[in-house]
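One letter stands for each residue in the lines below.
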Amino acid sequence: MKFPQMIKKYSGKYGKYLILCPIAMIGEVAMETTIPMMTANLINEAIPHSQQTGEISQVLLYGGLMVLMAIASMAFGMLGSYLSSKGAYGFSRNLRQALFEKVQTFSFKNIDHFSTASLVTRLTTDVNQVQGTVMMVVRMAVRSPIMLIMALIMALRLQPALVVILAVAIPILAFAIGLIMKLAFPKFQIMMKKYDALNSSVQENLIAIRVVKAFVRAKYEKEKFEASVDDVTATQRAAEKIVLWNGPIMTILMNASIVAVLFLGGQRIVNGAMSTGDLSAFITYITQILMSLMMLSFLFLGFVLSRASIARLSEVLDEKADIVSPDAAATQVKDGSIVFDHVNFSYQGDPKNLVLTDINLNIKSGETIGVIGGTGSAKTTLVSLIPRLYDVTSGHLLVGGRDVREYDIHALRDQVAMVLQ
């Protein structure tokens, strides 16, 4: 499933917040790109007029307008932050709900395909990663391009000759971002697999805590867990080191561009081709343009980080349940009788590699039966066949006088209670 399709499908009633947020961002950008022009007019016109006439009315006018624009920009920014948070958290809520409901339809064979630890990671870490990306998209994906375009237009209006500085800075930044994305993406994919292994280690220790204590393996399991944590830390650190190069590269380019503007702009001021106010405004616009590019680079990096998560979540959502209800399925279970009739079972469906062989068992409704056996003797597998968490490989399993494959999945499982150790 593509990222835009995922947003459209699972935003639900929160979609209106994701639509309104970009509108607020446009308002914020409009105010921010107008303030430098007002500053230029203040320096070029209002202050000289005040010095000549002694009147400060124009200075107060421009100053008041700039204060109002700054307040409006802050208000639009706060509104955008609220709307993006509301929409992104609502989206993640719907996505988690859909993932949970999907997992509830899985048989044990589907769960074995992913592993429980991996499903836990996908429903927590991966969803959080995608949620953060949605929040960035509805803000930065609108704000940064519009800021870039409007600041560029304003800069061209002021001094077209100095815009050539960006023709050097932008290709360098684009190359750096592309290289960072290419190097970072594989490392973040590995990191998510390490998270799965870490969750698996925690799950094993929680489930088998009595066995760990009985065999005095606490020290070994602690060392094993610490090794897993160190592995995740090392992998994440290696990936983050690559991403962190984005900040220094951006800072160097921004400062170099400002130095170039000051050098070339200073010469133009001396020659009378540019005013001091225009230089001040142009520096602000250059900063806004480069900051917009930096925000876009963070957005692209966010996509790099979330690509692996989106793919992992899509795998769960697109997974077809191994066991489904038949057409015209029975919805009523007559009684609690259970009959195993020459039942064979293999995890891989291979009749040559059976876990259970020719099981014949007749349990009347109301009877209490004990299933006794050593660890790994397939006791859990035997009872998991009753609610169709697995399907028999051959033979018949009847509940209430009907083959379990004739029942509606939900109706059958509602009548069977299981508490695994």
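Described in the following lines is the structure provided in the data block. Fair warning: this is a prediction, and the values are worked out from it, not measured in the lab.

Let's talk about the overall build of the protein
Piece 1. Scanning the protein for helices and strands turns up 12 helices and four strands.
Piece 2. For 421 residues, the compact-globule estimate of 2.2 N^0.38 gives 22 Å, and the C-alpha radius of gyration of the protein, at 32 Å, exceeds that figure by more than 25%.
Piece 3. Within the protein, the proportion of its 421 residues that are buried is 40%.
Piece 4. Across the protein, the fraction of contacts at a sequence separation of at least 24, relative to all contacts at a separation of at least 6, is 81%.

Observations regarding a positive patch on the surface
Piece 1. A cluster of like positive charges, contributed by Lys13, Lys16, Lys86 and Arg93, occupies part of the molecular surface.
Piece 2. Locating Lys13 in the fold gives a position in the loop between helix 1 (3-10) and helix 2 (15-53).
Piece 3. Classification of Lys13 as exposed rests on a relative accessible area of 61%.

Concerning the packing of aromatic side chains
Piece 1. According to the stated counting rule, one finds six aromatic pairs in the structure shown.
Piece 2. Between Tyr14 and Tyr17, the ring centres sit 6.4 Å apart and the planes meet at 35°, which makes this aromatic pair tilted. Assigned by exposure class, Tyr14 and Tyr17 land together as buried.
Piece 3. Ring centres 5.3 Å apart and planes at 85° place the aromatic pair Phe108 and Tyr390 in the edge-to-face group. One end of the pair, Phe108, is in helix 4 (residues 108-114); the other, Tyr390, is in the loop between helix 11 (379-384) and strand 3 (394-399), with 282 residues separating them in the sequence.
Piece 4. By relative accessible area, Phe108 is classed as partly exposed at 21%.
Piece 5. For Tyr390, a relative accessible area of 9% translates into the label buried.
Piece 6. Taken together, the ring pairs in this structure connect Phe108, Phe345, Tyr347 and Tyr390 into an aromatic cluster.

With respect to the layout of surface pockets
Piece 1. In this structure, the second largest pocket spans a volume of roughly 610 Å³.
Piece 2. Contributing to the lining of the second largest pocket are 26 residues, with Ile338, Val383, Ile386, Val416 and Ala417 lying nearest its centre.
Piece 3. For the lining of the second largest pocket, the secondary structure elements donating two or more residues are strand 1 (338-345), strand 2 (356-363) and helix 11.
Piece 4. Of the residues forming the lining of the second largest pocket, the biggest block, four residues, is contributed by helix 11.
Piece 5. In terms of residue class, the lining of the second largest pocket is made up of 16 nonpolar, six polar and four charged.

Side note on helix 9 (residues 246-270)
Piece 1. Between its first and last C-alpha, helix 9 extends 36 Å over 25 residues, near the 36 Å set by a 1.5 Å rise per residue.
Piece 2. Listed in full, the buried residues belonging to helix 9 are Asn246, Met250, Leu253, Met254, Ser257, Val261 and Gly265.
Piece 3. Immediately beyond the C-terminal end of helix 9, within one or two residues, lies Gly272, with a positive phi of roughly 80°.

What to know about unusual backbone geometry
Piece 1. The phi dihedral of Val216 falls on the positive side, at around 50°, and the residue is not glycine.
Piece 2. For Val216, the location among the structural elements is in the loop between helix 7 (209-214) and helix 8 (218-243).
Piece 3. We classify Val216 as exposed; its relative accessible area is 72%.
Piece 4. At Arg388, a position not held by glycine, the phi torsion is positive, near 65°.

Some points on the nonpolar core
General note: in soluble globular proteins, nonpolar side chains tend to be found buried as a group.
Piece 1. One finds Met6, Leu95 and Phe282 to be the most contacted residues of the largest nonpolar core, which totals 62 residues.
Piece 2. Secondary-structure elements contributing two or more residues to this core are helix 1, helix 2, helix 3 (57-104), helix 4, helix 5 (116-158), helix 6 (164-207), helix 9 and helix 10 (276-318).
Piece 3. Aside from chain neighbours lying at most four places away, what touches Leu95 is Met6, Tyr10, Val127, Leu313 and Leu317.
Piece 4. Among the nonpolar cores identified, the runner-up in size contains 19 residues, and Leu356, Val404, Tyr407 and Leu412 belong to it.

Comments concerning the pairing of strand 1
Two faces belong to every sheet, and in a regular strand the side chains alternate between them.
Piece 1. Pairing of strand 1 with strand 2 involves five bridges; the strand directions are antiparallel. Bridge pairing in strand 2 places Val343 opposite Ile359.

Side note on the pairing of strand 3
Piece 1. Bridge count for strand 1 against strand 3 is five bridges, and the pairing is antiparallel. Bridge assignment links Phe340 to a residue of strand 3, and that residue is Leu397.
Piece 2. Bridging between strand 3 and strand 4 (residues 402-403) involves two bridges; their strand directions are antiparallel. Bridge pairing in strand 4 places Val399 opposite Arg402.

Overview of the sheet that holds strand 3
Piece 1. In space, the four strands of this open sheet follow the order 2-1-3-4, with antiparallel pairing throughout. What marks the edges here is a single partner per strand, and that holds for strand 2 and strand 4.

Observations regarding a nonpolar patch on the surface
Piece 1. On the surface, Leu61, Leu65, Val67, Leu68, Ile71, Met74 and Met78 cluster together into a nonpolar patch covering about 700 Å² of accessible area.
Piece 2. Following the sequence through the fold, Leu61 ends up in helix 3.

What about the pattern of salt bridges?
Piece 1. Scanning all chains against the criterion turns up eight salt bridges.
Piece 2. Where Arg122 meets Glu315, a salt bridge forms, and the shortest distance between an N and an O atom there is 2.9 Å. One end of the pair, Arg122, is in helix 5; the other, Glu315, is in helix 10, and 193 residues separate them in sequence.
Piece 3. Among the residues examined, Arg122 registers a relative accessible area of 7% and is labelled buried.
Piece 4. Judged by relative accessible area, Glu315 falls into the partly exposed class, the value being 42%.
Piece 5. Salt-bridge contacts for Asp126 lead to Arg312; the nearest nitrogen and oxygen are separated by 2.7 Å. Separated by 186 residues along the polypeptide, Asp126 in helix 5 and Arg312 in helix 10 bring together distant segments of the chain. Judged on exposure class, the residue Asp126 and its partner Arg312 are both buried.
Piece 6. Each of the salt bridges in this network shares a partner with another, and the network as a whole consists of Glu28, Glu32 and Arg143.

Conventions and cut-offs
Residues numbered from 1 in each chain as written. Predicted model: local features only at pLDDT ≥ 70, side-chain atom pairs only at ≥ 80, totals over all residues. Heavy atoms only, no water. Helix = DSSP H or I, 4+ residues; strand = E, 2+ residues; numbered from the N terminus. Rg over C-alpha atoms; globule rule 2.2 N^0.38 Å. Buried < 20%, exposed > 50% of the residue type's maximum accessible area, 1.4 Å probe, protein only. Contact = heavy atoms within 4.5 Å. Patch = residues over 30% accessible without salt bridge, like charges linked within 9 Å, V, L, I, M, F, W, Y side chains within 5 Å. Areas by Shrake-Rupley, 256 points an atom, 1.4 Å probe, with all protein chains shown as cover. Salt bridge = Lys/Arg side-chain N within 4 Å of Asp/Glu carboxyl O. Lys, Arg positive; Asp, Glu negative; His and termini not counted. Charge placed at Lys NZ, Arg CZ, Asp CG, Glu CD. Phe/Tyr/Trp six-rings, centres within 6.5 Å; stacked < 30°, edge-to-face > 60°. 1 Å grid on protein atoms, 1.4 Å probe; cavity = no way out; pocket = protein on both sides within 12 Å on 5 of 7 lines; lining within 4 Å. Points joined across faces, edges and corners; volume = space filled by probe spheres on them. Nonpolar A, V, L, I, M, F, W, Y, C, P; charged D, E, K, R; others polar. Expected span 1.5 Å × (residues − 1). Core = buried A, V, L, I, M, F, W, Y, C linked by side-chain atoms within 4.5 Å. Pairing = 2+ DSSP bridges.

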